[in-house]
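# Inside the fold
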Amino acid sequence: MEEAKTLFKKLKIYSLLDLALIVPVSYNDTTLSETLEVGKVCTVEAKVIDSSVYNGKLRVNFQLTRFGRRLSSTFFRTTPYHYKLFEPGSSHVIQGRLDEYRGYLQMPQPRSVNKVGTVTPKYKTVLKESEIRTLIEAYITEKNLFDEGLDSKEVSVLMHIHFPNALEDVYREGAFKPEFVEALKFIEAYNHLKKLRGKRIDFPAMAALNGSIELFVSKLPFTLTSEQQQVITQIRSDLARKEKAARRMVVGDVGSGKTMVILAAAMTAWPHKSILMAPTSLLALQLYEEANKHLPERVKVALVMQGHDEGDYREADFIIGTHALLYKEDLPKAPLVMVDEQHRFGTKQRQMLEALMDTEEDNRPHYIQFSATPIPRTQAMMESELIDVSLITTTPFEREVETKVIGRPEFPALLEHIREELSQNHQVLIVYPLVEESTEIPYQSLEESRGFWEERFENVYVTHGKDREKEEVLLEFRERGNILLATTVVEVGISLPRLTLIVIVGAERLGLATLHQLRGRVGRNGLQSWCYLFSNKPQNERLQKFCETTNGFDIAKLDLKFRDSGDIIDGTIQSGQKFRWLDMAEDEAVIAYAKSRLRSSMVSQTV
Ligand code: ADP
Ligand code: MG
């Protein structure tokens, strides 16, 4: 079936269920109408009484045999065929919208129906109507659908959708019946999960790692939270396997204590080597300091950055670095590779990292990624087909950040508050939407506002995403600064423990995930902190909801709910648009069910 393959490609579909999920946009129903309903499409038997032509239009008077009424039709686009077709005395079945004009029934430009009593699906794809129909008829069979693992109810829904006997079997009030929609949601989830599962390839690990972490844990100045312990246990059981290299993603809010999980994994690897890559030198440095502080002395740690190394990475047990690691030709092979703040790496760097993990043999290092971008639970459930996912949903200590939406009238009070924080030796971050002035955005830019702050305050620092000196500026600000002016794109990778107040200008323009990341900059040391969302439209429901929500996973869910609100420009909402029937904000139960069904179908196949 070479031809079908090309058609599949044109449709951009890859599975039988992809095809089954291309549902008709409408149906053409030629069942004879029981009643005459004005304003609706009717199909009626009609006998021609007479016809006439005026202004190039053909007007035909019919007698409706079953209803004993007359009806007239005007054909605007006529051909000699029409004249011949509607000869007086001839009988027809005609279909069209029924109108009434001064008590006379009319049906403008009706279709002549050849075959009565059929319901024909209409598809809207890049293919010709006949091509898509041929594909559907060839592939959408009960047997094929059962072979995909669907149950009899789901098969019946799809068969009815593609091969209906009567429209009322499928539609209720012009849309698919609710139980059909439920089935379609399930089929969509099931199909997606099945494809993901097919993509996962597992390799044997380079080594089974099961070093002790007891000493490390007992020396920590705090007790690990139960979620930290749980994730560490998962990772330890991953790493202890030789037959399958770990592939795990640990997702936890900023401040949820992922560094301890990283260190526990490095301890588990010891005396084998491990490598940790971080997206910026500041972060790498911070991780290096934490590792030296908390790991037992016998674990040798090295740092690799562009133009600056510490310790000998060739000798070290635990090598921490930036992407400079990727350029070291003599970097030792390590059976554990980790990536921190994975969401901040570019695609190219991730590819290079894959290369770093390539070994000559057909085994692979254990690979663990850490991300501070909470994803909705539904998305995590999906992704866990490809990669194991651990979520850390709590933080070690409750963060005291009060969030408020403010507008121009509150600005003087804000200035007052900033002064008060500075007087307590705290720091303030103000985030602007743009570096330079723009007519498109109704807010001041960084450059336009800078004078205002510099005139009124001392030690004002300025940086932004494209600023080459930003790391130096940040380090200097950490020590000496009062106010930092920045843009949203600046990644403040280091922790600023004295930062207690953040102002986000034009907050309604940002996705909640971004706002949450920014809010995560303050209150890292348990100090009471504030996040002010400055907006010209403070009556924004999305922003108000954000103020009440602190957990990143709840925010990810909110973000899905509000994904259609128009003004967001930062593109942080990525998930949820892929599905036609499934709602990633609501359908957790459907996904859970699809996962369990898939699991049991896999079992039955291997048994
Ligand atoms: P993340 O990398 O997830 O953003 P960090 O690992 O940097 O978070 O941890 C944030 C802060 O919390 C650090 O100062 C860390 O020392 C501290 N911390 C981590 N785990 C705990 C814990 N179980 N109890 C108390 N403080 C903790
Ligand atoms: Mg971290």
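Being a predicted model, the structure only gives us computed values, none of them experimental.

A separate point is the sheet that holds strand β18 (residues 366-371). In any sheet, the strands associate via hydrogen bonds between backbone groups, in a parallel or an antiparallel arrangement. The strand order β15-β14-β16-β13-β17-β18-β12-β19 describes an open sheet built from eight strands, whose pairing is mixed. Each edge of the sheet is formed by a strand with only one pairing partner; in this case those strands are β15 (308-310) and β19 (388-392). Neighbour-to-neighbour, the strand axes of this sheet turn through a mean angle of 15°, independent of strand direction. Strand contacts of helix α10 (residues 226-239): β12 (247-252), β17 (336-339), β18 and β19, with the helix running at about 160° to β19, the strand carrying the most contacts. Seen against the sheet, helix α13 (residues 347-357) touches β12, β13 (274-277), β17 and β18 and runs at an angle of roughly 155° to β18.

Here we come to the pattern of salt bridges. The tally for this structure, following the rule as stated, stands at 29 salt bridges. Overlapping salt bridges bring together Arg-200, Asp-202, Lys-244 and Asp-388 as one network.

What follows concerns the nonpolar core. By size, the foremost hydrophobic cluster in this structure holds 51 residues, and its most contacted members are Leu-19, Leu-145, Leu-150, Ile-161, Phe-176 and Met-382. If you list the elements that add at least two residues to this core, you get α1 (2-10), α2 (16-20), α4 (129-139), α6 (152-162), α8 (178-199), α14 (377-383) and α21 (588-606). The element contributing the most residues to this core is α8, with nine residues. When near neighbours in sequence (up to four residues on either side) are disregarded, Phe-176 contacts Val-23, Pro-24, Tyr-27, Ile-161, Val-170, Tyr-171, Val-181, Leu-184 and Trp-581. Formed by 40 residues, the second largest nonpolar core is a distinct cluster that contains Val-231, Ala-278, Leu-295 and Met-338.

Here we come to the site of ligand 1. Around ligand 1 sit 15 residues, and of these Thr-223, Gln-228, Gly-255, Lys-258 and Thr-259 come closest. Thr-223 places a main-chain nitrogen or oxygen 2.8 Å from a nitrogen atom of ligand 1. In the model, an oxygen atom of ligand 1 is placed 3.1 Å from a nitrogen or oxygen of the Gly-257 main chain. Considered on its own, ligand 1 offers 570 Å² of accessible surface; in the complex 81% of this is hidden by protein.

For Thr-280, the location among the structural elements is in the loop between β13 and α12 (281-294). Here Leu-283 takes part through its backbone nitrogen, which lies 3.1 Å from a polar atom of the side chain of Thr-280. Thr-280 has contacts with Thr-322, Arg-344 and Glu-471, leaving out every residue within four places of it along the chain.

The full count for this structure, using the stated rule, is 14 aromatic pairs. A ring pair is formed by Phe-176 and Trp-581, whose centres lie 6.0 Å apart and whose planes are at 70°; its orientation type is edge-to-face. Of this pair, Phe-176 sits in strand β11 (residues 175-176) while Trp-581 is found in the loop between α20 (552-561) and α21, placing the two residues 405 residues apart along the sequence. Aromatic rings pair up to connect Phe-411, Phe-452, Trp-453, Phe-457 and Phe-534 into one cluster. Sitting above the plane of the Phe-203 ring, Arg-364 keeps its charged end 3.9 Å from the centroid. Here the basic side chain of Arg-519 rests over the ring of Phe-546, its NZ or CZ set 3.9 Å away from the ring centre.

With parallel pairing, the six strands of this open sheet are ordered in space as β20-β25-β24-β21-β23-β22. In this open sheet, the two strands that pair with only one neighbour each are β20 (401-406) and β22 (460-462). Strand-to-strand twist across the sheet, computed as the mean angle between neighbouring axes with direction ignored, equals 15°. Of the strand pairs in this sheet, strand β21 (residues 427-432) and strand β23 (residues 483-487) are connected by five bridges, and their pairing is parallel. When the bridges of β23 are listed, Tyr-432 appears paired with Thr-487. Packed on one face of the sheet, helix α15 (residues 411-423) meets β20, β21, β23, β24 (499-505) and β25 (529-534) and runs near 155° to β24. Each of β21, β22 and β23 is contacted by helix α16 (residues 446-456), which is oriented at about 175° to β23, the strand it contacts most.

With that settled, the discussion passes to the pairing of strand β2 (residues 41-54). For a regular strand, side chains alternate in direction, first toward one face of the sheet and then toward the other. In terms of strand pairing, β2 meets strand β5 (residues 91-97) through seven bridges, oriented antiparallel. By the bridge assignment, Ala-46 is partnered in β5 with His-92. The pairing of β2 with strand β3 (residues 57-64) spans eight bridges and is antiparallel. Within the sheet, the bridge partner assigned to Lys-47 lies in β3 and is Gln-63. Between β2 and β3, which pair antiparallel in sequence order, lie two residues; one of them, Asn-55, sits at a positive phi of approximately 50°.

In this structure, the amide linkage connecting Trp-270 to the following residue, Pro-271, adopts the cis form with an omega of 10°. Topologically, Pro-271 is positioned in the loop between α11 (258-269) and β13. Phi angles above zero are rare outside glycine, and Asn-425 is one such case at about 65°. On the secondary structure map, Asn-425 appears in the loop between α15 and β21.

Attention shifts here to α15. Helix length check: α15, at 13 residues, gives a terminal C-alpha distance of 19 Å against a target of 18 Å (1.5 Å per residue), a fit within 8%. Tucked into the core, α15 has its buried residues touching β20, β21, α16, β23, β24 and β25.

Here the focus is the state of the cysteines. In this structure the tally under the stated criterion is zero disulfides. Just so you know, Cys-547 is unpaired, no disulfide at all, and the nearest cysteine sulfur is the one on Cys-531, 7.5 Å from it.

Okay, the confidence of the model for the protein chain next. Scored by pLDDT, the protein chain comes out at a mean of 89, with 95% of its residues at no less than 70. Least confident of the elements in the protein chain is α13, whose mean pLDDT is 77; most confident is α11, at 98. Across residues 571-577 the pLDDT falls below 50, and counting only partners more than four positions away or on other chains, this stretch makes 14 contacts in the model.

Time to look at the side chain of Asp-18. Here Asp-18 is to be found in helix α2. Within the structure, the side chain of Asp-18 is placed 2.8 Å from the backbone nitrogen of Tyr-14, a separation counted as a polar contact. Ignoring any residue separated from it by four or fewer positions in sequence, one finds Asp-18 in contact with Ile-13, Asn-191 and Lys-195.

Cut-offs applied
- Residues numbered from 1 in each chain as written.
- Chains lettered and ligands numbered in written order.
- Predicted model: local features only at pLDDT ≥ 70, side-chain atom pairs only at ≥ 80, totals over all residues.
- Heavy atoms only, no water.
- Pairing = 2+ DSSP bridges.
- Helix = DSSP H or I, 4+ residues; strand = E, 2+ residues; numbered from the N terminus.
- Axes fitted to C-alpha atoms, helices over the stretch in contact; angles between N-to-C directions.
- Contact = heavy atoms within 4.5 Å.
- Salt bridge = Lys/Arg side-chain N within 4 Å of Asp/Glu carboxyl O.
- Core = buried A, V, L, I, M, F, W, Y, C linked by side-chain atoms within 4.5 Å.
- Buried < 20%, exposed > 50% of the residue type's maximum accessible area, 1.4 Å probe, protein only.
- Near = heavy atom within 4 Å.
- Polar contact = N/O pair within 3.5 Å; in protein donor to acceptor, adjacent residues only side chain to side chain.
- Areas by Shrake-Rupley, 256 points an atom, 1.4 Å probe, with all protein chains shown as cover.
- Phe/Tyr/Trp six-rings, centres within 6.5 Å; stacked < 30°, edge-to-face > 60°.
- Lys NZ or Arg CZ within 6 Å of the ring centre and 35° of its normal.
- Expected span 1.5 Å × (residues − 1).
- Disulfide = S-S within 2.5 Å.
- pLDDT = per-residue confidence, 0-100.

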